[in-house]
Structures are given as C-alpha cells and as structure tokens.
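# Geometric and topological summary
Residue strings, one per chain:
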Amino acid sequence: MTQQQLRIIVPPHPLIQHWLGVARDVATPSVLFRSAITELGRWLTYEASRDWLPTQEISVQTPLAACPATFINPNIPVAVVPILRAGLGLLEGAQCVLPLASIYHFGLVRNEETLEPTCYLNNLPEKFAPFTRVLITEPMLATGGSIMAVMAELTQRGVDPALTRIVSVIVAPPALQKLAAVYPGLIVYTATIDEILNDHGYIVPGLGDAGDRIFGT
Ligand code: URA
C-alpha cells in the first residue's frame, strides 16, 4: 500500500500568476483586489475540480446518432465551505465553476495576541452525506489555526479528507506541516508558497491582510 502525503499543487497557469501579482501589489485598490481574489478563486477551483468532480456516462442522441457522453453526477453532493471572512472573497469564483454546490459558511476570528481562532458562525450540517466533495476556500494558510479548526469540524461530520480540496492564494510552511501531520490524503491548491511568517502571524512577502483588503476595512 502506498503511503499518502499532503499534496500542494501550484498550477503553472499565467492567469493565476497574473492575479497573484495584482493581489500582492500594495498599490492595488480594494475594488481591483477583490477582482483578483475572485479570479484566483475561479482558476484555482477549476484546477482543483479536475480529478475531483464525480462524473457519469450517459448515452445522448445527437442530431445524427446516439453517442456516449460524460456529465457531472448530480447524485454526489458538492459543498463549498468559505472560511469567513476572507474566504468569501474566493467564493464567487468557486461558484462560477461549481454552480450547483451547497455553500456552508464557517466564521472564525483570530485573536491577534494568541493567534488562535474562535468560531462565531457554524452553518455546517450535523452530518455530510457519504462521498460528499468538499472544497474549502481560505486565501491565506499561515499559522494553520483556522484551517485545522475547520478540518476538525468537517471530519467530525463525516467528511473524508481524501475527497476534500483546499483552495488558497498563499500558503506557508507552518499551516502545511500541521495539515500534513493529521490529513495526509488532503490536496491544497494555491497560487504560491511563501516561506516566512512574521511575529504577528502574517505571511511575508504575502499580500497583507486579505480580509481587510477584500472588504476595504
Ligand atoms: N491572514 C491574512 O490575511 N494574511 C496573512 O498574511 C496571514 C493571515
């Protein structure tokens, strides 16, 4: 049996690199920053859904003949979990790719001294149906506190980490190490990996506070 490992996928796509550059630039105004994060949500979700969306084969009749066709399987639920508030920025792009997905909001606020997250909103169902595909949106994986809290809630509710994808804009080693230790089957899609966290838990060079820049507050 092969041992599973956390996989971090940085799709080599020029649009992803372009919108990352726009998002990193401190001179980018909030309205354009929001567009950049939306676009990153769209293209990273497109990449993340590649081997993950369940399909089914059905025969269709073209104007000329019968032929086999592949469709998204509507019987397997797909869920998106945006981690509020910054994860909302990636949601619109994710929904463009996954228009039928159910959205379950999960709100966390970070204590700026301890860097620990506290939950203020949990819209997750008691139990997810077997085989549900779950996509989590969180622009910045820094210390890993928030993503570990959400993963714990999801797995307690029956979510399979191997059927879970995380879409993030910038990820840093501390969060990746925590995820790898507990959820080896998980796959993270990101625009880049930055190596450094400062003393306040911010990713360097990063892009600053994603939530503040999305919402202009
Ligand atoms: N959250 C952010 O918004 N930015 C960081 O750099 C780290 C966490």
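Residues numbered from 1 in each chain as written. Predicted model: local features only at pLDDT ≥ 70, side-chain atom pairs only at ≥ 80, totals over all residues. Heavy atoms only, no water.

The protein is annotated in an unreviewed UniProt entry as Uracil phosphoribosyltransferase from Aphanizomenon flos-aquae FACHB-1249. For the protein, the Cofactor (unreviewed entry) comment in UniProt is given as "Mg(2+)". Here the protein is described in UniProt, under the heading Pathway (unreviewed entry), as follows: "Pyrimidine metabolism; UMP biosynthesis via salvage pathway; UMP from uracil: step 1/1." (UniProt positions renumbered as here; feature names shortened; annotations may be inferred.)

All right, on to the overall build of the protein then. Helix and strand counts for the protein come out as six helices and 13 strands. In terms of overall size, the protein behaves like a compact globule, its C-alpha atoms giving a radius of gyration of 18 Å where 217 residues would be expected to give roughly 17 Å. Referenced to the eigenvectors of the C-alpha coordinate spread, the extents of the protein come out at roughly 65 × 40 × 35 Å. Put simply, the protein has 217 residues, and 46% of those count as buried. Considering only contacts within the protein whose residues lie at least 6 apart along the sequence, 66% involve residues at least 24 apart. Taking the average location of the 13 positive side-chain charges in the protein and that of its 18 negative ones, the two points are 4 Å from each other. (Helix = DSSP H or I, 4+ residues; strand = E, 2+ residues; numbered from the N terminus. Rg over C-alpha atoms; globule rule 2.2 N^0.38 Å. Buried < 20%, exposed > 50% of the residue type's maximum accessible area, 1.4 Å probe, protein only. Contact = heavy atoms within 4.5 Å. Lys, Arg positive; Asp, Glu negative; His and termini not counted. Charge placed at Lys NZ, Arg CZ, Asp CG, Glu CD.)

Once that is clear, we can look at the site of the ligand. Around the ligand lies a shell formed by Arg110, Met140, Ala142, Gly201, Tyr202, Ile203, Gly208, Asp209 and Ala210. Between an oxygen atom of the ligand and a main-chain N or O atom of Ile203, the distance comes to 2.8 Å. Within the complex, the protein chains bury 88% of what would otherwise be the 240 Å² of accessible surface of the ligand. Class assignment for the residues of the shell around the ligand results in five nonpolar, two polar and two charged. (Near = heavy atom within 4 Å. Polar contact = N/O pair within 3.5 Å; in protein donor to acceptor, adjacent residues only side chain to side chain. Areas by Shrake-Rupley, 256 points an atom, 1.4 Å probe, with all protein chains shown as cover. Nonpolar A, V, L, I, M, F, W, Y, C, P; charged D, E, K, R; others polar.)

Let us look at the packing of aromatic side chains. Evaluation of the coordinates by the stated rule reveals two aromatic pairs. With a centroid separation of 6.4 Å and 80° between ring planes, the pair formed by Trp43 and Tyr46 is classed as edge-to-face. Of this pair, Trp43 and Tyr46 both sit in helix α2 (residues 30–48), three residues apart, roughly one helical turn. The class of Trp43 is partly exposed, set by a relative accessible area of 24%. (Phe/Tyr/Trp six-rings, centres within 6.5 Å; stacked < 30°, edge-to-face > 60°.)

Now for a nonpolar patch on the surface. A cluster of nonpolar residues, Ile8, Val10 and Ile193, forms a patch on the protein surface that exposes about 190 Å² of accessible area. Residue position: Val10 is located in the loop between β1 (7–9) and α1 (14–24). Classification of Val10 as partly exposed rests on a relative accessible area of 36%. (Patch = residues over 30% accessible without salt bridge, like charges linked within 9 Å, V, L, I, M, F, W, Y side chains within 5 Å. Salt bridge = Lys/Arg side-chain N within 4 Å of Asp/Glu carboxyl O.)

A few words now on the environment of Glu112. Locating Glu112 in the fold gives a position in the loop between β6 (106–110) and β7 (117–122). A relative accessible area of 47% means that Glu112 is categorised as partly exposed. Along the backbone, Glu112 and Thr155 are 43 residues apart, and their C-alpha atoms lie at a distance of 27 Å. Filtering out sequence-adjacent residues up to four positions away, Glu112 remains in contact with His200 and Tyr202.

Orientation of helix α4 (residues 145–156) relative to helix α5 (residues 173–182), taken along the N-to-C sense of each, is 25°, at an axis distance of 9 Å. In terms of axis orientation, α4 runs roughly parallel to α5. Every pair of crossing elements has a handedness; the one defined by α4 and α5 is right-handed. On α5, the residues touching Ile147, Met148 and Met151 of α4 are Lys178, Leu179 and Val182. Partitioning the contact of α4 with α5 into residue classes produces five nonpolar, no polar and one charged. (Axes fitted to C-alpha atoms, helices over the stretch in contact; angles between N-to-C directions. Parallel < 35°, antiparallel > 145°, perpendicular 65-115°, else oblique. Left-handed = near helix turned anticlockwise from the far one by under 90°.)

For the rest of this paragraph, the subject is the nonpolar core. By size, the foremost hydrophobic cluster in this structure holds 34 residues, and its most contacted members are Ile37, Leu40, Leu135, Val167, Val169, Ile170 and Leu207. When contributions to this core are tallied by element, the ones reaching two or more residues are α1, α2, β4 (78–84), α3 (88–97), β10 (164–171), β11 (187–193) and α6 (210–215). Sort the elements by how many residues they give to this core and α2 lands first, with six residues. Once you skip the residues sitting within four places of it in the chain, Leu135 turns out to touch Thr45, Ala48, Trp52, Ala79, Val80, Val81, Ala94, Arg165 and Val167. The next biggest cluster of nonpolar side chains, apart from the first, holds 25 residues, and it includes Leu6, Leu108, Ile136 and Leu141. (Core = buried A, V, L, I, M, F, W, Y, C linked by side-chain atoms within 4.5 Å.)

Put simply, α2 and α3 touch, their axes get as near as 7 Å, and they point 40° apart. As summarised for this structure, α2 and α3 are arranged oblique, according to the angle between their axes. Where α2 crosses over α3, the two elements pack in a sense that is right-handed. Residues Ile37, Thr38, Leu40, Gly41, Arg42, Thr45 and Tyr46 of α2 lie in contact with α3, whose contacting residues are Gly89, Leu90, Glu92, Gly93, Ala94, Cys96 and Val97. Here the contact of α2 with α3 is built from residues that sort into seven nonpolar, five polar and two charged.

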